[in-house]
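Each chain, letter by letter, is given below.
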Amino acid sequence: MLDFFTIFSKGGIVLWCFQGAGVTESFTGPVNALIRSVILQERSGNNSFTHEALSLKYKLDNEFELIFVVGFQKILTLTYVDKFIDDVQLYFRDRYKNELEQKGALKLLSNNFEFGDDFKRLLREAEESSKARSPGPMRSFKESEKSQKTVKSMIETKGGDKGKEQSGKKNKNTKKEASAAEPVKSDQGKTSSTSQKTVENGNQGLTSEEIIQKKREEFFRKRTVIPAEKPTKSPKPQKPREKQRRVWDMGGNSTKNLDYSERNGDGFPNGGDQNQEAYTGMQLNPMKGDLLSVEYESSEEDGEEMEEEEERVVVSETSKTSSKKSGGFGGMFGMLKGLVGSKSLTREDMEPVLEKLKDHLIAKNVAADIASQLCDSVAKKLEGKVMGTFTTVASTVKQALEDSLVQILQPKRRVDILRDVMEAQSQRRPFVITFCGVNGVGKSTNLAKISFWLIENGFTVLIAACDTFRAGAVEQLRTHQRRLNSLHPPEQHGGRPVVQLYEKGYGKDAAGIAMEAIAYARNQAFDVVLVDTAGRMQDNAPLMTALAKLIAVNMPDLVLFVGEALVGNEAVDQLVKFNQALADHSMSDKARLIDGIVLTKFDTIDDKVGAAISMTYITGQPIVFVGTGQTYNDLRSLNARAVVGALMKA
């Protein structure tokens, strides 16, 4: 049933392994994929992993730095695997505790872990227990009670029901008779109560006719009395006051200053000379080489140090109070026992700290599901681990979470666009980058920033206007092209413009325009092609199909998802559905998915940087660019340490 079972250390030393009968393929591929995709990426919140046709379950032993992995075919449903891997972990720990406590790789290699017989016994017991718990077979019709019934028995049961119904009817009739008798008694009680009331009201000695006459006179007297008018009336609703016009002190009375009919949008008379001067007069810093990284002020780091000091003070004060209560040396030793590294962490110890950290991450704009998975991963990473000397649970958990976040933000592969463009130059072909994302996140604006950065590094750029849906999209790119060419005049580059726009208007096929633009860039020896696509919501199936077609047909070198830093849970939905659409409509066996992320509007969120964590955790791809403003210089690379520092800031 099991394909393999292996026990290895976190240093990569295989202590023991088992391979099922009839299994010829090596298990190194699935295990290496588990290490690379889950354990090294701090994604161990879920204890299962799927690799091709295999399903893997794993268990971390943090005390001895061991990993237990079992693999089986994912079409099988093995209910005993979770309990079985726990049993194997406990038995292996107890049996080889002395050998495992010896630190060092050479000592582990020198030991011989003969665990085959015990493993087979534990596996046999687990399989037998699962069979014992399995539901029994279904009964046949002859074994059921329904098969024993006959027509006669069915008729008798019906007659019995009728008898019961008749008796029930009799009971109902008797109840009705009893209820009919009750009103007579109640009427008698009412008459007696009325006679008592007449005596109480002072009508003693009057006959019934005199009482009726008296009540009739009182009734007519009440009718003839004119009701008095109410002294106060409800006030009439007042009409709302009209809004008064505001008169500005510096407003003026003439409208000539507002007449722009003979001027262009920059405030100059018609003519391009002043316009060019306005563009060339912009104060922009050079951006040659790698981008600057996102940085935060040092006051935040000081704030973190102050928080840690306060935490230590609180710990020392609590220990002092406990020592005073217990008195003598017992309190001091109790304090040392709680702080010195003799305590192994349990899930109950970490639960309060993890709950606070989870709420803190959600408040910093991390998606709720991802915050839960991160906390679960940290708990599994620390469970059973012995704490360091004079450290608290809170500081240990917080440090582990910070390390996990840094590991997530650091990419599995480095995206070096300048190096890749040079490699494409050597192959005499353009380097193609496609931008995709939802509406209004800043695709065209950040495409222009990346164009400026590439021009500063000496490359020529062709912009493909494949947003044939939004009104004004082509005009926006043409404006950026004109401005970039004014900042880098063609005279400085041998008379050739460094940026050109390839556009075919609106309502055309975006995939066809991108293909023509790439062919034109190859013929005209452009270095980079930047493909701008229309913004689309992740739930719009026709537009997502068109995007998948554009990427599948043209096969760009880099597919960048543009997302804004303001989103929270929506970032997860966007990235999952964009990746799913690209995978569903791919024309090849290996689907082309998102290769990197452009995080925009980063200057508007202060320290709520959780969207960066959500996006990288979902895709596993790096954040290549960070947009931090409105000018061409406002483009940065991501600094993982700085982002995590802002995220963990209280």
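Residues numbered from 1 in each chain as written. Predicted model: local features only at pLDDT ≥ 70, side-chain atom pairs only at ≥ 80, totals over all residues. Heavy atoms only, no water.

So what exactly am I meant to see when it comes to the overall build of the protein here?
Helices and strands together make up the secondary structure of the protein, namely 21 helices and 13 strands. Here the contacts in the protein between residues at least 6 apart in sequence split such that 74% fall between residues at least 24 apart. Working note: accessible area of the protein is about 39,700 Å², and carbon and sulfur atoms make up 52% of it. (Helix = DSSP H or I, 4+ residues; strand = E, 2+ residues; numbered from the N terminus. Contact = heavy atoms within 4.5 Å. Areas by Shrake-Rupley, 256 points an atom, 1.4 Å probe, with all protein chains shown as cover.)

How should the sheet that holds strand 13 (residues 635-636) be read in this particular structure?
Strand-to-strand pairing in sheets goes through backbone hydrogen bonds, with the strands running parallel or antiparallel. Strand order in the open sheet formed by eight strands is 8-7-9-6-10-11-12-13, and the pairing between neighbours is mixed. The open sheet has two free edges, formed respectively by strand 8 (499-502) and strand 13, since each of these has just one partner strand. Alignment of strand 10 (residues 558-564) against strand 11 (residues 596-600), held across five bridges, turns out to be parallel. The residue of strand 11 that forms the bridge with Val-562 is Val-598. Across the sheet, helix 14 (residues 417-426) lies against strand 6 (431-437), strand 9 (528-533), strand 10 and strand 12 (623-627), angled at about 135° from strand 6, the strand it touches most. (Pairing = 2+ DSSP bridges. Axes fitted to C-alpha atoms, helices over the stretch in contact; angles between N-to-C directions.)

What's the story with the packing of aromatic side chains in this structure? I'm lost.
One pair of aromatic rings is described through two measures. These are the centre distance and the angle between the planes. Summed over all chains, the structure comprises 19 aromatic pairs. The ring of Tyr-91 has Arg-121 lying over it, and the distance from NZ or CZ to the ring centre is 5.2 Å. The cationic tip of Arg-496 hangs over the ring face of Phe-526; the distance from NZ or CZ to the ring centre is 4.6 Å. (Phe/Tyr/Trp six-rings, centres within 6.5 Å; stacked < 30°, edge-to-face > 60°. Lys NZ or Arg CZ within 6 Å of the ring centre and 35° of its normal.)

What is the right way to read the environment of Cys-436 from this model?
By secondary structure assignment, the location of Cys-436 is in strand 6. The sequence separation of Cys-436 and Val-562 amounts to 126 residues, and the corresponding C-alpha distance is 6.0 Å. The contacts of Cys-436, once residues within four sequence positions are left out, are Lys-443, Thr-533, Leu-547, Val-559, Leu-560, Phe-561, Val-562 and Phe-578.

Looking at this structure, how should I read the environment of Gly-627?
Along the polypeptide, Gly-627 turns up in strand 12. The exposure class of Gly-627 is buried, given its relative accessible area of 1%. With 333 residues separating them in the primary sequence, Gly-627 and Val-294 have C-alpha atoms 9.7 Å apart. (Buried < 20%, exposed > 50% of the residue type's maximum accessible area, 1.4 Å probe, protein only.)

It is not clear to me how the pairing of strand 12 should be interpreted in this structure. Could you clarify?
Regular strands have side chains that alternate between both faces of the sheet. Of all five residues in strand 12, five are buried, a share of seventy percent or more. For strand 11 and strand 12, the ladder comprises three bridges, and the chain directions are parallel. Residue pairing across strands places Ile-597 opposite Ile-623, the latter belonging to strand 12. Tracing the backbone out of strand 11, into helix 20 (residues 610-619) and back to the parallel element strand 12 gives a crossover that is right-handed. As defined by bridge partners, strand 12 adjoins strand 13 across two bridges and the pair is classed as antiparallel. (Right-handed = clockwise from strand over helix to strand, strands pointing away.)

How should I be thinking about unusual backbone geometry in this particular structure?
What you tend to see is this: most non-glycine residues have negative phi, and most peptide bonds are trans. Residue Glu-52 is not a glycine yet carries a positive backbone phi of 55°. When you line up the elements, Glu-52 lands in the loop between strand 3 (48-51) and strand 4 (54-61). Given a relative accessible area of 66%, Glu-52 falls into the exposed group. Here the phi dihedral of Asp-606 falls at roughly 60°; this positive angle occurs in a residue that is not glycine. Here Asp-606 lies in the loop between strand 11 and helix 20.

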